[in-house]
Amino acid sequence: METLKKNQHDLLNENKKLVKQKAELLGIFKKQNLLIDNLKRQKLHLEAAALLDFSEEEFVRALNCRPMAGRDV
């Protein structure tokens, strides 16, 4: 009878430990997903900034190539 109680106690402790590990893993998974989403947003912003810079350079080149009014070319 004593070994049965000890075995039951050990199983309950193991179960509590596993439940705690499961909760920790779920928390880590959620944080990891938030980090992934954040990195995706940062990547999109960097790509948009690069496109904007490229567009700005093209715009400046277009302005510089256009002859100014009243200026002899």
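It should be emphasised that the depicted structure is a prediction, and the values quoted were computed from it without experimental measurement. Sequence positions are assigned chain by chain, starting from 1 and proceeding in written order. In keeping with the model being predicted, local features are shown solely for residues with a pLDDT of at least 70 and side-chain atom pairs are shown and tallied solely at 80 or more, while totals for entire chains, interfaces and linings include all residues. The side-chain values count all of the structure's non-hydrogen atoms but skip hydrogen atoms and water molecules.

Chemist: I tried to follow the overall build of the protein chain on my own but got confused; where do I start?
Modeler: Helix and strand content of the protein chain: 1 helix and 0 strands. Within the span of the protein chain, comprising 73 residues, buried residues form 0% of the whole. Values of accessible area rely on a 1.4 Å probe in the Shrake-Rupley scheme; residue burial ignores everything except the protein chains shown. For the protein chain, the computed accessible surface area is about 7,500 Å², with 63% contributed by carbon and sulfur atoms. Secondary structure counts use DSSP, requiring at least four H or I residues in a row for a helix and at least two E residues in a row for a strand, with both numbered from the N terminus. The buried label goes to any residue with under 20% of its type's maximum accessible area, the exposed label to any with over 50%, and the partly exposed label to all in between, with areas taken from a 1.4 Å probe on protein chains only.

Chemist: When you look at the pattern of salt bridges in this model, what are you seeing that I'm missing?
Modeler: Two side chains of opposite charge can pair, provided their charged atoms sit close to one another. By definition here, a salt bridge exists when the distance from a side-chain nitrogen of Lys or Arg to a carboxyl oxygen of Asp or Glu is within 4 Å. On inspection of all chains with the given rule, the structure shows 4 salt bridges. Measuring nitrogen to oxygen at the nearest pair gives 3.7 Å for the salt bridge that ties K17 to E14. Highlighted residues: K17 and E14, both in helix α1 (residues 2-65), separated by 3 residues, approximately one helical turn. Residue classification places E14 among the partly exposed residues on the basis of a relative accessible area of 37%.

Chemist: Help me understand a nonpolar patch on the surface in this model?
Modeler: A cluster of nonpolar side chains, contributed by F59, V60 and L63, occupies part of the molecular surface with about 270 Å² of accessible area. Among the secondary structure elements, V60 is positioned in helix α1. Overall, V60 belongs to the partly exposed group, its relative accessible area being 39%. A patch is a set of surface residues, each over 30% in relative accessible area and not in a salt bridge, joined within 9 Å for like charges and within 5 Å for the nonpolar side chains Val, Leu, Ile, Met, Phe, Trp and Tyr.

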